[in-house]
Amino acid sequence: MYQDQDFQVFEDQTLAGRLGKIQKQIDPKFLITAGDLEPVLAELSVPIYQHVSQHRRRTKNPPTDTWIAFSTSKRGYKMLPHLEIGFWDDRFFIWLAVLQEAKNRQGLLGQVQLADVLNLPSTFECGNDHTDKNCGQPLTLTNYQALMREQVNRHAEWQLGRNFMRGSDFFTTTPDDQTAIIRDTVAALLPIYQQLIAD
């Protein structure tokens, strides 16, 4: 499934070359993951749609990360709470995110129950910037409260999830075990995602 060699796509310094490698090597794996997650995401109260990153706006610099997102809209995801699974050049990530583009971000986050956040496994992190691969902090009460205080800022963002660093056991385990880890991570985030998309 996902392997250490997948990170090599980021070694290609050309836009066309890196995009070609992403489309050939990584995107098909994202689609397999999407299929694996269908039974998990079906537990939510509304249909969920997948969005593989297309990097269409890039005309010069190759993308520094790539991902598949899941949202409640066929048309997009950035303005909605969404799940995002992807790669930076040194890590694989799974985030539940509410970005600065989201409508009524503070209102949405006000629906999230603190107890559910703090019940997430100790390996989870919280973050405040989806464009910064190093934004993740251990998911402690102190760090989460600091994240929530930032939400009054116009450009604030909110993320919960996990990072799997290049070279970690995640990339040498069996495909079935890796699939289970991804599925369990997303399943742990589902109660919070449901709160974010509740009417």
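Please refer to the structure placed before this passage.
Criteria and cut-off values
Residues numbered from 1 in each chain as written. Predicted model: local features only at pLDDT ≥ 70, side-chain atom pairs only at ≥ 80, totals over all residues. Heavy atoms only, no water. Helix = DSSP H or I, 4+ residues; strand = E, 2+ residues; numbered from the N terminus. Polar contact = N/O pair within 3.5 Å; in protein donor to acceptor, adjacent residues only side chain to side chain. Salt bridge = Lys/Arg side-chain N within 4 Å of Asp/Glu carboxyl O. Buried < 20%, exposed > 50% of the residue type's maximum accessible area, 1.4 Å probe, protein only. Contact = heavy atoms within 4.5 Å. Patch = residues over 30% accessible without salt bridge, like charges linked within 9 Å, V, L, I, M, F, W, Y side chains within 5 Å. Areas by Shrake-Rupley, 256 points an atom, 1.4 Å probe, with all protein chains shown as cover. Disulfide = S-S within 2.5 Å. Pairing = 2+ DSSP bridges. Axes fitted to C-alpha atoms, helices over the stretch in contact; angles between N-to-C directions. Expected span 1.5 Å × (residues − 1). Bend = angle between axes of the 7 residues up to and from the residue. Core = buried A, V, L, I, M, F, W, Y, C linked by side-chain atoms within 4.5 Å.

Pulling in residues and values, what's your account of the environment of Q54?
Tracing the sequence through the fold places Q54 in the loop between β1 (49-52) and β2 (66-71). In this structure, the C-alpha to C-alpha distance between Q54 and E157, residues 103 residues apart in sequence, is 22 Å. Within the structure, Q54 has its side chain in polar contact with the backbone oxygen of V52 (distance 3.0 Å).

Which residues make up the pattern of salt bridges, and what values go with them?
Overall, the coordinates contain six salt bridges when judged by the stated rule. Between D89 and K133 there is a salt bridge; the shortest N-O distance is 2.7 Å. Within this pair, whereas D89 is found in the loop between β3 (82-87) and β4 (91-98), its partner K133 is found in the loop between β5 (125-127) and β6 (137-138), the two being separated by 44 residues in sequence. A relative accessible area of 22% places K133 in the partly exposed class. A salt bridge links D90 to R91, with the shortest nitrogen-to-oxygen separation between them at 3.0 Å.

Give a detailed account of the side chain of K29, specifying residues and quantitative values.
With respect to the helices, strands and loops of the structure, K29 is situated in helix α1 (residues 15-41). Residues contacting K29, with those up to four places away along its chain left out, are M1, Y2, Q3 and D6.

An account of a nonpolar patch on the surface is needed here, citing residue identities and associated values.
On the surface, L114, L118 and L141 cluster together into a nonpolar patch covering about 220 Å² of accessible area. Tracing the sequence through the fold places L141 in helix α4 (residues 141-149). The exposure class of L141 is partly exposed, given its relative accessible area of 38%.

Break down the state of the cysteines for me, citing the residues and quoting the values.
Tallied over the full model, the rule gives zero disulfides. There is no disulfide at C126, and the cysteine sulfur nearest it, in C135, is 8.7 Å away. Overall, C135 belongs to the buried group, its relative accessible area being 8%.

Hey, could you go over the sheet that holds β5 for me, with residue numbers and the actual values?
Taken in spatial order, the seven strands of this open sheet run β1-β2-β3-β4-β7-β5-β6, and their pairing is antiparallel. Pairing within the sheet leaves two strands with one partner each, and these edge strands are β1 and β6. By the bridge criterion, five bridges tie β2 to β3 in an arrangement that is antiparallel. Directly across from A69, in β3, lies its bridge partner E84. Packed onto the sheet, α1 meets β1, β2 and β3 and runs at close to 25° relative to β2.

Please provide a residue-by-residue account of unusual backbone geometry, values included.
A positive phi angle, close to 55°, is found at H55, a residue other than glycine. In this fold, H55 is placed in the loop between β1 and β2. Given the relative accessible area of 12%, H55 is considered buried. Notably, N104 is not glycine yet its phi reads approximately 55°, a positive angle. Relative to the assigned elements, N104 resides in the loop between β4 and α2 (105-109). Its relative accessible area of 55% is what places N104 among the exposed residues.

Which residues make up helix α5 (residues 175-197), and what are the values?
A rise of 1.5 Å per residue sets the reference length of α5, with its 23 residues, at 33 Å; its end C-alpha atoms lie 31 Å apart and thus fit the reference within 8%. At L190, α5 shows its maximal kink, close to 45°; a proline, P191, follows between one and four residues later. For α5, the set of buried residues is Q178, T179, I182, T185, V186, L189, L190, I192, Y193, Q195, L196 and I197.

Which residues make up the nonpolar core, and what are the values?
Soluble globular proteins tend to pack their nonpolar side chains together in the buried interior. One finds I85, F87, F92, W158, L160 and V186 to be the most contacted residues of the largest nonpolar core, which totals 46 residues. Only α1, β2, β3, β4, α2, α4, β7 (158-165) and α5 provide two or more residues apiece to this core. By residue number, the principal contributor to this core is α5, which donates eight residues. Here I85 is in contact with F30, T33, L37, T66, W67, I68, F70, F92, F93, I94, I182 and V186, once residues within four sequence places are set aside. Formed by six residues, the second largest nonpolar core is a distinct cluster that contains W67, Y77, W88 and F93.

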